[in-house]
Protein chains: 2
Amino acid sequence: MNRSVISIGIIGFGTVGTGTARLLLQNSNLIKKRTGIDFVLKKIADLDIKKDRGIKIPEGILTTDAAELINDPDIDIVVELIGGIHPAKDFILQAIRNKKHVVTANKALLATKGNEIFEEADKNGVEIGFEASVAGGIPIIKVLREGLVANNIIAVYGIINGTSNYILTKMTDEKVEFADALKEAQRLGYAEADPTFDIEGIDSAHKLTILSSLSYGIPLMYDEVYKEGITKITSQDIEFASELGYKIKLLAITKLSDGGVEMRVHPTMVPNEYLISKVDGVFNAVYVEGDAVGATMYYGRGAGDMPTGSAVVADIVDIGKKIDKRQETEGRRQTADNRQHRTEFKIKKIEDIESMYYFRFSALDQPGVLSKISGILGNYNISIASVIQKGRRIGGSVPLVVLTHMAKERDVLNAVKEIDNLTVVSDKTLFIRVEGKEG
Amino acid sequence: MNRSVISIGIIGFGTVGTGTARLLLQNSNLIKKRTGIDFVLKKIADLDIKKDRGIKIPEGILTTDAAELINDPDIDIVVELIGGIHPAKDFILQAIRNKKHVVTANKALLATKGNEIFEEADKNGVEIGFEASVAGGIPIIKVLREGLVANNIIAVYGIINGTSNYILTKMTDEKVEFADALKEAQRLGYAEADPTFDIEGIDSAHKLTILSSLSYGIPLMYDEVYKEGITKITSQDIEFASELGYKIKLLAITKLSDGGVEMRVHPTMVPNEYLISKVDGVFNAVYVEGDAVGATMYYGRGAGDMPTGSAVVADIVDIGKKIDKRQETEGRRQTADNRQHRTEFKIKKIEDIESMYYFRFSALDQPGVLSKISGILGNYNISIASVIQKGRRIGGSVPLVVLTHMAKERDVLNAVKEIDNLTVVSDKTLFIRVEGKEG
């Protein structure tokens, strides 16, 4: 027999909570037609239940007490949308212990406490849906777990923070500096008053932790992710990149190299011919390369009430279908998935990666500077692909731009340290990792 | 209790059959780790089992008799990869009646006979997996059915035929004519000796039929799809399009307008700013707009042994997981899905759509021609956005290019008929539908 009603409780009536509620109410007929299941929004908990959210909610479902829905025996799925670690983690753990399935968009929580949460869920035979935690409405979690299940994942490259992508796009299109682009992002509501998480790569690193765990069957290891934000990028770098045929994007990268898993977030020069270089504004995209499927890419909005709500509801429906089947036999069981299957793995330190590099040296405008710098690069086996040097400033410093072939990051760090000590170099060297084919 | 072995039989040991077999054999450990299930390739049927497929197959699994695996009580999933209508349809129906789940990449069969096949599958309580039938390795079927399940689909725009996309890309990049680009595609194995299905939009229409059915919950109605191929496109049109800021792509379009479902395949001018205009060569991409998620796009290889094999195996795994759960309780049941849920629907005829249009008129180089042509357009309420007229050929004909604002296709057809009867027009008018914002 089919139980065709699934009851939902949402904790957190902010942007995504409102989008999710709206979708559950507005598209419930559509979803019922598609699945045969009635998804009923039974409760919404938030500290502020007076505020007008611009949505008509049936009477009696708002509460200020999350425990009310976590402990409600009639609620099948608890949706956590308050974000942050506390009290979200406790709410989720309590819901799991009450044998409720959980859907969450909380990447910070999953990236840092996810192992504990998933373990508790496995113990209690419940599901955790987290499609909305990475790349908003793009169903990238489902793609990795199911669509590409037959593939060894070669590499994942993601633009998974809309705020920083908006800032870099604005700097590129309008030749403005970082600070002005950030201000505009804040004015438009794309960046928060404290933008640290977005512009320092922390949010991207949270999401990358999840993608990496799914791709390589390793635990969630946020602390191992190398993070570098976009605050040092100048419009001059963007212009040099353009001259060399590249866009600068904040990429979250995870890939296997020599048996080690790389996890890194940093500004990256991406060749203009690559589709992902065309992903602009607040849009997100995740490029996934599999050993069978080859190159694939998934593009869409990474944030916002309705796009993220779309992912939350997709998780609710997936879990609802599973509950529906279990109800038939009154049985529950765990689902194998590709979250963790490796018993041995190695995480690569950033010093151990290889890449191509863009350097912007601040060189005094004197004879012999290029020779000194290129000499040091040569000593560290860093081979030069292109050089741009222009402009003259009598007695001042000029940017000297060098693009390299593949080199070891460890060598790059050592070379830069030595170069920055030269008396003919007036400021710290900026370097950006470069993707693309050796050329 | 978990039954952890699922047995597979493949009918058709061609390109995709070989890719699927290779993947099942090579990545079986990975898949077992991810799912907890052993997927075992038990039999492969093909008329030619002598040919070297470049893959090591365990002894005793090859047979020339498809019935051998259709009737094998130990086989859980029959994978049909021979293509075409006969005998593929009979094999599939027989497998279904033997209570076997079926996975197929056969878009022509599903588009034209799919309603009968799905009905039979529902009757027998088995699943039909068809991820590989559209856009090769891109998990677009899963995205539409599950990832975007909460969305009303506003529109789908697909580049879903790699051959025609390769030809148009080559014509664009190298300024060659259609015939030469086709020859090159044939030389590279991207086009068949008889390229009709690819270049006339038939293959795209098969796939669109499936996408449309999933998006709008309507039956599979291949006969209702409007089809127009790429054979009339000249490199001159591509150049004019480029001058106006567009690329020409063969798009498969399905969308809702005024309550009617549009299904059409035709060359389309796509603005250069649209990401899908950058999808080049043999790559496929499907743009999907949902009412909640907004704009999304899915990109990858639309054909080839391993990419398509990736989709076939993803279906096998999905079905395997379901079987695995059913075995626990020895029960089978149907799965609701979003294949068909509309009881009433209206399909729009091509005459009833609205679009912007590009016209290339073959005008005699005489005074008053533009005035006559634009007069007729005006009479049919077709309003002009841009005109390009250049080159002079004394006494000969010159191309006169007109880009319009939104107009009704019916008016366009009537206007063109009238214009082609003018004595100052020397050849049939070519028109291409144009996507993008009114400008």
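This structure is a prediction, so every number in the text was calculated from the model and none was measured.

Tell me about the environment of Lys325(A), and name the residues and values.
Assignment of secondary structure puts Lys325(A) in helix α12 (residues 305-329). On a C-alpha basis, the gap between Lys325(A) and Glu354(A) in space is 48 Å, while along the polypeptide they are 29 residues apart.

Which residues make up the domain arrangement of chain A, and what values do they have?
Residues and elements named next belong to chain A. What the domain assignment lists for chain A is domain 1 (5-135 + 304-329), domain 2 (140-301) and domain 3 (353-434). Relative placement of domain 1 and domain 2: their C-alpha centres are 27 Å apart. Listed by partner, the interface residues are 15 residues for domain 1 and 18 residues for domain 2. Taking both sides of the interface into account, the surface hidden between domain 1 and domain 2 amounts to around 1,500 Å²; carbon and sulfur atoms contribute 67%. Our enumeration of links across domain 1 and domain 2 arrives at 2 salt bridges. A salt bridge links Asp-318 to Lys-142; its shortest N-O distance comes to 2.6 Å. Connecting domain 1 to domain 2 are 5 residue pairs in polar contact (both at pLDDT 80 or more). Every element with two or more residues in the side of domain 1 that touches domain 2 is listed here: α5 (107-124) and α12. Take the side of domain 1 that touches domain 2: its biggest share by element is 8 residues, from α5. Broken down by class, the residue content of the side of domain 1 that touches domain 2 amounts to 8 nonpolar, 4 polar and 3 charged.

Before we move on, can you summarise the interface of chain B and chain A with the specific residues and values?
At the interface, 54 residues of chain B touch 54 residues of chain A. Interface of chain B and chain A: buried area, both sides summed, is about 4,700 Å²; carbon and sulfur atoms make up 59% of it. Where chain B touches chain A, the interface holds 18 residue pairs in polar contact (both at pLDDT 80 or more). Tallying contributions element by element places helix α12 (residues 305-329) of chain B first for the side of chain B that touches chain A, with 13 residues. Of the residues belonging to the side of chain B that touches chain A, the class tally is 23 nonpolar, 16 polar and 15 charged.

Account for the pattern of salt bridges, with residues named and values stated.
Close approach of charged atoms lets side chains of opposite charge pair. All names here are of chain B. Enumeration according to the criterion identifies 53 salt bridges over all chains in this entry. Of the charged contacts in the structure, one is a salt bridge between Glu-68 and Lys-43, with a shortest N-O distance of 3.9 Å. Of this pair, Glu-68 sits in helix α3 (residues 66-70) while Lys-43 is found in strand β2 (residues 38-45), placing the two residues 25 residues apart along the sequence. Note on Lys-43: relative accessible area 15%, which makes it buried.

Describe the sheet that holds strand β5 (residues 101-104) of chain A, and please don't skip the residues or the numbers.
All names here are of chain A. The strand order across the open sheet built from 6 strands is β3-β2-β1-β4-β5-β6, with neighbouring strands paired in parallel fashion. Unpaired on one side and paired on the other, β3 (62-63) and β6 (128-129) mark the two borders of the sheet. With 4 bridges connecting them, strand β4 (residues 77-80) and β5 associate as parallel partners. Looking at β5, one finds that Ile-77 is bridged to His-101. Strands in contact with helix α4 (residues 88-97) are β1 (5-11), β4, β5 and β6; relative to β5, the strand with the most contacts, it is inclined by about 155°.

Can you lay out the relation of the copies chain B and chain A for me, pointing to particular residues and giving the numbers?
Of the two same-sequence chains, chain B is brought onto chain A (RMSD 0.0 Å, axial shift 0.0 Å) by a rotation of 180°. Classification of the inter-copy transformation places it as that of a two-fold axis. It is Tyr298(B) whose C-alpha, among those of chain B, lies nearest the rotation axis, at 2.4 Å.

Parameters at a glance
- Residues numbered from 1 in each chain as written.
- Chains lettered and ligands numbered in written order.
- Predicted model: local features only at pLDDT ≥ 70, side-chain atom pairs only at ≥ 80, totals over all residues.
- Heavy atoms only, no water.
- Helix = DSSP H or I, 4+ residues; strand = E, 2+ residues; numbered from the N terminus.
- Domains from an automatic or database assignment.
- Contact = heavy atoms within 4.5 Å.
- Buried area = accessible area lost by both parts, 1.4 Å probe.
- Salt bridge = Lys/Arg side-chain N within 4 Å of Asp/Glu carboxyl O.
- Polar contact = N/O pair within 3.5 Å; in protein donor to acceptor, adjacent residues only side chain to side chain.
- Nonpolar A, V, L, I, M, F, W, Y, C, P; charged D, E, K, R; others polar.
- Buried < 20%, exposed > 50% of the residue type's maximum accessible area, 1.4 Å probe, protein only.
- Pairing = 2+ DSSP bridges.
- Axes fitted to C-alpha atoms, helices over the stretch in contact; angles between N-to-C directions.
- Least-squares fit on C-alpha atoms with pLDDT ≥ 70 in both.

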